[in-house]
Amino acid sequence: MKTPELLTPAGTLKNLHYALAYGADAVYAGLPRYSLRVRNNDFSTLERLRAGIEATHAAGRRFFLATNIAAHPAKVQTFLEDMAPVVELAPDALIMSDPGLILMVRETWPQIPVHLSVQANTVNQASVRFWQGLGLSRVILSRELSLEEISRIRQDCPDMELEVMVHGAMCIAYSGRCLLSGYFNHRDANQGACTNSCRWRYRLHPTRTDDTGDLLPMEAAAGGRHPRANEAFLLEEGERPGQLMPVEEDEHGTYILNAMDLRAVEHVGRLTQIGVDALKIEGRTKSHYYAARATQVYRRAIDDAAAGRDFDPRLLDHLEGLANRGYTDGFLTRNKDRTAQNYARGHSESARQLFVGEILGFDPDTGMAEIEVKNKFAVGDRLEVMTPAGSRELILEALYSLTGDTMPEAPGAGYRVRIPLPAGNYHLGLVIRYLDPLSPQAPCHVSASQP
């Protein structure tokens, strides 16, 4: 039974270093012009890209470059010229979806491996064989597949690398083929400029019909919304009688299109048994804390599966500490109901933990660590101290300013403080506060075994 490669997002050089330290086998980043993350992209220059590739190779890992847009004619014209110096940097593979760009790469640089992006929506074994015939070395399967379907594709395509998405944001459309963002504000999702229009707040407006049959909004009560705007409505699709989906509005609006986030850590064991070659975490626009925590948890799940150990359900709690829109295992299992949609909120929240600080250094002589504060924490808080070697919990007993004055709390971002920690290696360490410090929980040592 093979051990799947853990592939982690590297939206920035900082995220890349944390992902590698916490156990990623490979990382992926994208060129702003040719990937689906135009915004928040740290690899906009060849120098930054070279630094990322060299750091990854120095750690003995692999660097994949996303060039997965659906290219319009202007980008096709500039593609080969722009990619020539990038290919010279020797990324380990290109992640692509556009058949025309794939053809150009295969003709110009046949030596570089190409991985088919999830954007290509590969959902069957015949499609896998088609891409294999064009010389691609890996197919990232569509999110819309079940575990049974993935297993069937694995059986029918035994000599093709298969990659499965296991964590991160999900799209209301078919793996990103959505028109909402382009329709509303001319930001094309398939050009990397998606504005996540599916997660905006929408309001309900009761209507009346005029003499021509057009729908017009009802007049609102003086000084506010129409009183019926507070009512809940149930949608019933014509072919599913009795299956009622709530559409309701509160002070936050309504989120009928808002998909929950994918979390499939509980299925890592099954995916390992199937023989999947790689498991991928989505989130190039996320923080370095996200990159570290998600990598740490999935590293542990993969190592447990490869060693034949049972899944530790406490890993779910560690992922709850990440900002999320509520979790679902997507289409991997088919007993889905309306809970796969989040009708309550369109923004990310963390229900159990909050990232509060980054460890900048540790003085073994004094036992004091210097912390760059990200969110408020205080003396008496229950903290988790994350490091690449593992995690430990403690109750914060003291807090000091950089000048040595005692402090009752670190007020928030913009401060640097010192806290006492047990002896250890805290390089790339992070500090997380439990939001319910009194809740009992058995410690779960989440180690990041180095691949």
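Please refer to the structure higher up on the page.
Residues numbered from 1 in each chain as written. Predicted model: local features only at pLDDT ≥ 70, side-chain atom pairs only at ≥ 80, totals over all residues. Heavy atoms only, no water.

(A) Highlighting the overall build of the chain. Each helix and strand in the chain was counted, giving ten helices and 23 strands. A fraction of 69% describes how many contacts in the chain between residues 6 or more apart in sequence connect residues 24 or more apart. By element, 52% of the accessible surface of the chain is carried by carbon and sulfur atoms, the whole surface being about 20600 Å². (Helix = DSSP H or I, 4+ residues; strand = E, 2+ residues; numbered from the N terminus. Contact = heavy atoms within 4.5 Å. Areas by Shrake-Rupley, 256 points an atom, 1.4 Å probe, with all protein chains shown as cover.)

(B) Seen up close, the sheet that holds strand β23 (residues 430–434). Across the sheet, seven strands lie side by side as β19-β18-β23-β15-β16-β22-β20; this open sheet has antiparallel pairing. Strand pairing shows two members of the sheet lacking a second neighbour, β19 (390–395) and β20 (400–401), which therefore form its edges. Strand direction decides the pairing type here: strand β15 (residues 353–363) and β23, joined by five bridges, are antiparallel. Each residue of the ladder has a partner; that of Gln353, found in β23, is Tyr434. Helix α9 (residues 288–306) contacts β15, β18 (382–387), β19 and β23 of the sheet and is inclined by roughly 80° relative to β18. (Pairing = 2+ DSSP bridges. Axes fitted to C-alpha atoms, helices over the stretch in contact; angles between N-to-C directions.)

(C) Spatial organisation of the pairing of strand β4 (residues 93–96). Burial of β4 is two-sided: the residues Ala93 and Ile95 facing one way and the residues Leu94 and Met96 facing the other way are all buried. Across three bridges, the pairing between strand β3 (residues 62–66) and β4 is parallel. Bridge pairing in β4 links Leu65 to Leu94. In terms of handedness, the path from β3 via helix α3 (residues 73–88) over to β4 forms a crossover that is right-handed. Note: β4 against strand β5 (residues 114–116), three bridges, orientation parallel. Across the sheet, the residue bridging to Ile95 is His115, located in β5. (Buried < 20%, exposed > 50% of the residue type's maximum accessible area, 1.4 Å probe, protein only. Right-handed = clockwise from strand over helix to strand, strands pointing away.)

(D) Expanded view of the pattern of salt bridges. All told, the structure shown has 25 salt bridges when counted by the stated rule. Between Arg138 and Glu5 there is a salt bridge, and its shortest N-O distance comes to 2.9 Å. Pair noted here: Arg138 is in strand β6 (residues 138–140) and Glu5 is in strand β1 (residues 5–9), with a separation of 133 residues, a long-range link. Side by side, Arg138 and Glu5 carry an identical accessibility label, which is buried. Salt-bridge contacts for Glu372 lead to Lys374; the nearest nitrogen and oxygen are separated by 3.2 Å. Classification of Lys374 by relative accessible area gives partly exposed; the value is 25%. (Salt bridge = Lys/Arg side-chain N within 4 Å of Asp/Glu carboxyl O.)

(E) Representation of the packing of aromatic side chains within the structure. All told, the structure shown has six aromatic pairs when counted by the stated rule. Taken together, a centroid distance of 6.4 Å and an interplanar angle of 10° make the contact between Tyr18 and Tyr22 stacked. As far as the burial class goes, Tyr18 and Tyr22 line up, both buried. Sitting over the face of the ring of Tyr28, Lys280 holds its NZ or CZ atom 4.4 Å from the ring centroid. (Phe/Tyr/Trp six-rings, centres within 6.5 Å; stacked < 30°, edge-to-face > 60°. Lys NZ or Arg CZ within 6 Å of the ring centre and 35° of its normal.)

(F) Broad picture of the packing of helix α1 (residues 13–21) against helix α2 (residues 46–58). Look at α1 against α2: their axes get within 10 Å of each other, and the N-to-C directions meet at 5°. If you check the angle between α1 and α2, you find them roughly parallel. For the pair α1 and α2, the contacting residues are Leu13, Leu16, His17 and Leu20 in the first and Arg48, Ala51, Gly52, Ala55 and Thr56 in the second. Across the contact of α1 with α2, the residue classes break down as five nonpolar, three polar and one charged. (Parallel < 35°, antiparallel > 145°, perpendicular 65-115°, else oblique. Nonpolar A, V, L, I, M, F, W, Y, C, P; charged D, E, K, R; others polar.)

(G) View of the packing of α1 against α9. Between α1 and α9, the least distance of the axes is 8 Å, while the angle of their chain directions is 20°. In terms of their interaxial angle, α1 and α9 are classed as roughly parallel. The way α1 lies across α9 gives a crossing that is right-handed. Of the residues in α9, those touching α1 at Lys14, Asn15, Tyr18 and Ala19 are His288, Ala291, Ala292 and Thr295. The residue inventory of the contact of α1 with α9, partitioned by class, reads four nonpolar, three polar and one charged. (Left-handed = near helix turned anticlockwise from the far one by under 90°.)

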